[in-house]
Amino acid sequence: MLAEGIAAISGQRKDTVSSPTLLQILWRERSVRIGAGIVFLVLLAALSAPLVALALGHGPTDQFQETALDEMGLPVGPSAAFPLGADGNGRDVLVRTLYGAQVSLLVGIPATTIAMLIGTLVGTVSGFFAGRIDRVVSQGIDVALSFPFVVTALSLLSLNRGGTGQPIIPPLLVVILVISLFSWTYFARLTRGLVLQLRTSPMVEASVTIGASKTRIIRLDILPNILPTVLVYWAVQLPANIVAEATLSFLGVGIQAPLPSWGNMIAEAQRTSLYQDQPWFLAGPGLALFLTVVGFNTLSSGLRTVLDPHQRSA
Amino acid sequence: MTHSTRRSSQRIAISALSILSTFALPAKAEEPKFGGTLRIASLQADLDAFDPLTGYSTDSWEILRAVTRQLVTYPGASTDIKDDTQLVPDLATSWDVSADGKTYTFHLKDDVFFSGPTERKIVASDFVYGIKRFCDPNKQVAAINYFNLAISGFKAYCKDFSKVATGDLAASKAFIDSHDIAGVSAPDEKTLVIKSDTKNYDFLNILSMNFVSPLPPEISSKYFPDSAEFRKNFPSSGPYFVESYQDGQKLILKKAKNFKAESDQARKAYVDEIVVDFTANSEDSIVQKIEAGEADLSLYLDVPPRSAIRRFQTQKQAQLHASNSGAANFITFNARPEAKSEGADALRKLEVRQALSYAVNRAHLVQIQGGPISSVPLSQIITSTILGHEPFDPYPTEGSKGDPAKAKELLAKAGYPKGLKIDAIYRTTAQFEAIAVAVKEDVAAAGIDLNLIPIPPTQWYAFIQDAKSRWDISLGSQFAPDWQGPSTRMLLGGWLNSDASPCGTGNVSSICYSNADLNTLAAEAFPSDNPGPIWAKADKIVSADLPWIPLFEKRKIALTSERITHWAWSSLAVQADITNIAVKN
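These numbers were taken from a predicted model, which means no experiment stands behind them.

## Things to note about the overall build of chain A
A tally of regular secondary structure across chain A gives 12 helices and 0 strands. Beginning at the N terminus, the succession of helices and strands in chain A can be written as α-α-α-α-α-α-α-α-α-α-α-α. By residue count, 44% of the 314 residues in chain A fall in the buried class. If you take every contact in chain A between residues at least 6 apart in sequence, the share linking residues at least 24 apart comes to 71%.

Dropping the structure here:
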């Protein structure tokens, strides 16, 4: 049903040239505007990190024990030199938070994209071929879904240690792979449902009748129809994966010190309890994470409202 | 045994009394009351060891003090850890020392009993069994090097014992029953004789460690050393016994009914119950529990969070106890012959080690430990509370801030003009991560690039002891004196002495240091009546050679709840003496 709605929208767009474009329709939706605005800010923050670091003269791992820490090692609060204060090692919290945005996106975007590619492929195969293949694949998805994320991720990441104790694969890559390993299933289920409906639609039946090959049907009939929904779902899954990265880093198995990530910054502020003296040590990365999740969630819910006719009418 | 001189226990009793009276002074206004429960919040989810055989961390010793007694011990001090150096009789009433100083004959007390799974009287053969158990192939005593040097025939006995198959309790028991250590015997129930091949000025100190505790063979031989079953059925010789033990949850110690206060001049045993809670899992939550009054003391909290130190210092001064401890942090090198990376090879050159010492900013490290209240920069092997300490800095820099330019120069001289890449491991706790990150940043200025490798605390020793592990330096190394004062043997005669700690499995931190000059001086110091100057000389030689890079000496800071009415430090635990602390009740 969802796919039909999308198909109807795209069909409508092709037929009536004078009616507003998809972008214009989207822009009319308030949550899309707000969401896009916040997401734009997050992207800007990530991109501006080196510029801010340059302007303040504080690199993301530079430590300023003379100016940012007192004699007892307590970090200074917000000031002109350190807009969000310093952390326990005398590093600039603002600069690290901005670099943290880079890391979040650097992990979140590839992880979600890989998950989307795998999930769509598996879901399409499962939905299109149906029958026995579908049953086996669906069972496989159920099994994959039944693994608890944190426990499995922790064990996978600790397995990533060769005989010498050094990581076999760079930890950043493992984090990306682990997160995509846990999010492809959502894409697979979604795609499978969509494809299952499409394969019995008149459009596909017509293609079969004229003798189109299976790959041609998938490429020309099915994929273009499910793509908008899958892309919306990409935006839904991205913030969840950013949080997953923060979770792993918080637990000490994700991004490693001294590289800044929101997860390990929050963990550091909490473990050292320095947030009690310098609340921005915790609030900086905490708010950034919150804002990012809110931004992407608002944007994706707006997109869904526009692209899903059922939601729109409700 | 030739002519023997009897050492009067009276003299010791008098000196013990004088100590007792000095630390009783501040508490004069309010005499500590007996009773109540002492609640301890542990940062680790379980005790790292709970068997006199294996306990070797200061935290395990803190708890073991309540459930074990030794031949001689320290009475605790309310003033400072370094004041707790006077040995007093514990389970022994008195002892004789032979003229050559090599044989000690201990006479045991009459009214001392086990508690927990058995309540029988403690006899001399229980000590003999405890010592025979030291080299059980299933689990070895944690600091075997002391006993290799101190007890006659110990090495030979262990060599035979090592041939016994592991995993077989009956085989271990059969071996212990049928073999004797030449230097340890119990001629009767109340007499214990321990012989050494050499005279050792610190012989009694060695026997004061928790390892040398009596154990009833009929109970202990039923369980593997330090196994979960052993822990639950711990045969206690101390004032408390294990009432219940759930790892990861709670350990409850209760005062033993047959503990006679008059038979123990070192442990007052004020509280009726000691409860260790293992459920708090962060530094922050421990401090919160203490501040909220849900816990009275912490365990495994090496250095409290900086913000907590300041808060207690400014608002709850009476609940903060600080003392010099002689404990220190340092950077050790992977000196195993198996380590052949570029970094490990480079560090075999003195100039590179000197460069690293110059590159480190000790003032910075002191600051992130919480400032002068919690630590001072350290530039030598022997720390301030240990015999032979004479302040010495072979590579001084202004304000201990390091000298990157000089470090660069030395690196270039050693053949690394373009700098050096080193793999550095650290423990993933807030404290060690802060140290690791600070050192990485500081030495980068000298062209040394540290590749930080995080190791979870629970895997730390296994990682270091695995010869296959790839690491060049350890940023997580630390030590606390085994006892205060004449414990120089631990470092200069133990960890760094290749006669006592040859490179191999027993070399806990993979230090693998060998220095003939040091070994000669140590051999000279052990039987000496005045070992201080010899150790001072050895310290100068070794500190300049940098077998490790000293960073800072820690002061022990204990944060407590307001329920504690009487405070005591313990020499062995290098922190609170839980058997001499009293609480409001």
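Now that the structure has been shown, we can carry on.
## A word on the packing of helix H6 (residues 149-159) of chain A against helix H7 (residues 171-198) of chain A
All names here are of chain A. Where H6 meets H7, the closest approach of the two axes is 11 Å, and the angle between their N-to-C directions is 145 degrees. Considering the relative orientation of H6 and H7, their crossing is right-handed. Of the residues in H7, those in contact with Phe-149, Ala-153, Leu-156 and Leu-157 of H6 are Val-174, Val-178 and Phe-182. Here the residues of the contact of H6 with H7 are counted per class, giving 7 nonpolar, no polar and no charged.

## Here's the deal with the interface of chain A and chain B
Taken residue by residue, the interface counts 26 residues in chain A and 32 residues in chain B. Its residues assigned to classes, the side of chain A that touches chain B comprises 6 nonpolar, 16 polar and 4 charged.

## Brief notes about the nonpolar core
Within the largest apolar cluster, 181 residues are counted, with the highest numbers of intra-cluster contacts made by Leu-475 and Ile-581 of chain B. When residues of this core are assigned to their parent elements, the largest contribution, 9 residues, is made by helix H16 (residues 430-444) of chain B. Excluding residues that lie within four positions of it along the chain, Ile-581 of chain B makes contacts with Leu-38, Tyr-270, Ile-564, His-566, Trp-567, Ala-568 and Ala-576 of chain B. Of all hydrophobic cores here, the second largest spans 73 residues; its members include Val-107, Leu-194, Val-204 and Val-306 of chain A.

## Regarding the environment of Trp-280 of chain A
All names here are of chain A. Structurally, Trp-280 can be placed in helix H11 (residues 280-307). Note on Trp-280: 23 C-beta atoms within 10 Å, which makes it buried. Residues Trp-280 and Ser-126 lie 154 residues apart in sequence; the distance between their C-alpha atoms is 49 Å. The contacts of Trp-280, once residues within four sequence positions are left out, are Gly-77, Pro-78, Leu-84, Gly-85 and Val-93.

## Brief notes about unusual backbone geometry
Most of the time, phi is negative for any residue but glycine, and the peptide bond is trans. Cis geometry is adopted by the peptide bond preceding Pro-258 of chain A, which originates at Ala-257 of chain A and carries an omega value of 5 degrees. Notably, Ala-269 of chain B is not glycine yet its phi reads approximately 50 degrees, a positive angle. Within the element layout of this structure, Ala-269 of chain B appears in the loop between strand E10 (250-255) and strand E11 (273-277). Given 20 C-beta atoms within 10 Å, Ala-269 of chain B falls into the buried group. Backbone geometry at Ser-400 of chain B places phi at a positive 55 degrees, although glycine is not the residue there. Relative to the assigned elements, Ser-400 of chain B resides in the loop between strand E14 (375-377) and helix H15 (404-413). Overall, Ser-400 of chain B belongs to the buried group, with 20 C-beta atoms counted inside 10 Å.

## Description of the confidence of the model for chain A
All names here are of chain A. Taken as a whole, chain A shows an average pLDDT of 86; of its residues, 90% reach a score of 70 or greater. For chain A, per-element mean pLDDT is lowest for helix H1 (residues 2-15), which scores 47, and highest for helix H4 (residues 93-129), which scores 94. Considering only residues more than four positions removed or in separate chains, one finds that residues 1-16, a stretch of pLDDT under 50, has 19 contacts.

## Some words on the sheet that holds E11 of chain B
Residues and elements named next belong to chain B. Here 5 strands make up an open sheet; going across it, the order is E9-E10-E11-E2-E12 and the pairing mixed. In this open sheet, the two edge strands, each paired with only one partner strand, are strand E9 (240-246) and strand E12 (297-299). This sheet shows a mean twist of 20 degrees between the axes of neighbouring strands, independent of strand direction. Pairing of E10 with E11 involves 5 bridges; the strand directions are antiparallel. Within E11, the position partnered with Lys-254 by the bridge is Glu-273. The strands touched by helix H2 (residues 58-67) are E9, E10, E11 and E12; relative to E9, the strand with the most contacts, the crossing angle is about 125 degrees.

## Digging into the sheet that holds strand E15 (residues 420-427) of chain B
Residues and elements named next belong to chain B. Taking strand neighbours across the sheet as the criterion, the 6 strands line up as E14-E18-E13-E17-E15-E16 in an open arrangement whose pairing is mixed. Edge positions in the sheet fall to E14 and strand E16 (448-455), since each has one partner strand and no second. With strand direction ignored, the average angle separating the axes of adjacent strands in the sheet is 30 degrees. In this structure, strand E13 (residues 320-333) lies alongside strand E18 (residues 548-559), joined through 11 bridges in antiparallel fashion. Each bridged residue has a counterpart across the sheet, and for Ser-323 the counterpart in E18 is Lys-556.

## So, the environment of Gly-532 of chain B
Residues and elements named next belong to chain B. Tracing the backbone shows Gly-532 in helix H20 (residues 532-545). A residue is classified by how many C-beta atoms lie within 10 Å of it, and Gly-532, with 16 of them, is partly exposed. When the C-alpha atoms of Gly-532 and Glu-262 are compared, they prove to be 36 Å apart, with 270 residues separating the residues in sequence. Sequence-distant contacts of Gly-532, that is, excluding residues within four places in its chain, are made with Leu-387 and Gly-388.

## Regarding the environment of Ile-309 of chain B
In this fold, Ile-309 of chain B is placed in helix H11 (residues 306-315). In this structure, the C-alpha to C-alpha distance between Ile-309 of chain B and Tyr-74 of chain B, residues 235 residues apart in sequence, is 28 Å.

## With respect to the UniProt feature "transmembrane region" (unreviewed entry) in chain A
Residues and elements named next belong to chain A. Residues annotated by UniProt as "transmembrane region" (unreviewed entry) correspond here to residues 34-56, 105-131, 143-162, 168-187 and 280-299. For residues 34-56, the end-to-end C-alpha separation is 30 Å, with 100% helix and 0% strand making up the annotated structure. The span residues 168-187 is 85% helix and 0% strand, and its two end C-alpha atoms sit 29 Å from each other.

## Observations concerning the UniProt feature "domain: Solute-binding protein family" (unreviewed entry) in chain B
Annotation from UniProt places "domain: Solute-binding protein family" (unreviewed entry) at residues 86-494 of chain B. Here residues 86-494 of chain B is 31% helix and 21% strand, with 23 Å between the C-alpha atoms at its ends.

## What about H20 of chain B?
Residues and elements named next belong to chain B. Taking 1.5 Å per residue as the helical rise, H20 with its 14 residues ought to reach 20 Å, and the 20 Å between its terminal C-alpha atoms agrees with that figure. Tucked into the core, H20 has its buried residues touching helix H18 (491-495) and helix H19 (516-525). Positive phi appears at Leu-546, one or two residues downstream of H20, with a value of about 50 degrees.

## So, the pairing of strand E17 (residues 473-479) of chain B
Residue and element names in this part refer to chain B. In terms of burial, E17 is largely enclosed, as 7 of its 7 residues are buried. One ladder, built from 5 bridges, connects E13 with E17; its direction is antiparallel. Looking at E17, one finds that Ala-328 is bridged to Phe-479. One ladder, built from 2 bridges, connects E15 with E17; its direction is parallel. The partner of Ile-425 across the bridge, within E17, is Ser-474.

## Here's the deal with H2 of chain B
Residues and elements named next belong to chain B. In terms of burial, H2 is a largely internal element, 10 of the 10 residues being buried. Of the residues making up H2, those classed as buried are Thr-58, Asp-59, Ser-60, Trp-61, Glu-62, Ile-63, Leu-64, Arg-65, Ala-66 and Val-67. Structurally, H2 contributes buried residues whose contacts are with E9, E10, E11, E12, strand E20 (569-570) and strand E21 (575-576).

Conventions adopted
- Residues numbered from 1 in each chain as written.
- Chains lettered and ligands numbered in written order.
- Predicted model: local features only at pLDDT ≥ 70, side-chain atom pairs only at ≥ 80, totals over all residues.
- Helix = DSSP H or I, 4+ residues; strand = E, 2+ residues; numbered from the N terminus.
- Buried ≥ 20, exposed ≤ 12 C-beta atoms within 10 Å, placed from the backbone.
- Contact = placed C-beta atoms within 7 Å.
- Axes fitted to C-alpha atoms, helices over the stretch in contact; angles between N-to-C directions.
- Left-handed = near helix turned anticlockwise from the far one by under 90°.
- Nonpolar A, V, L, I, M, F, W, Y, C, P; charged D, E, K, R; others polar.
- Core = buried A, V, L, I, M, F, W, Y, C linked by C-beta atoms within 7 Å.
- pLDDT = per-residue confidence, 0-100.
- Pairing = 2+ DSSP bridges.
- UniProt positions renumbered as here; feature names shortened; annotations may be inferred.
- Expected span 1.5 Å × (residues − 1).

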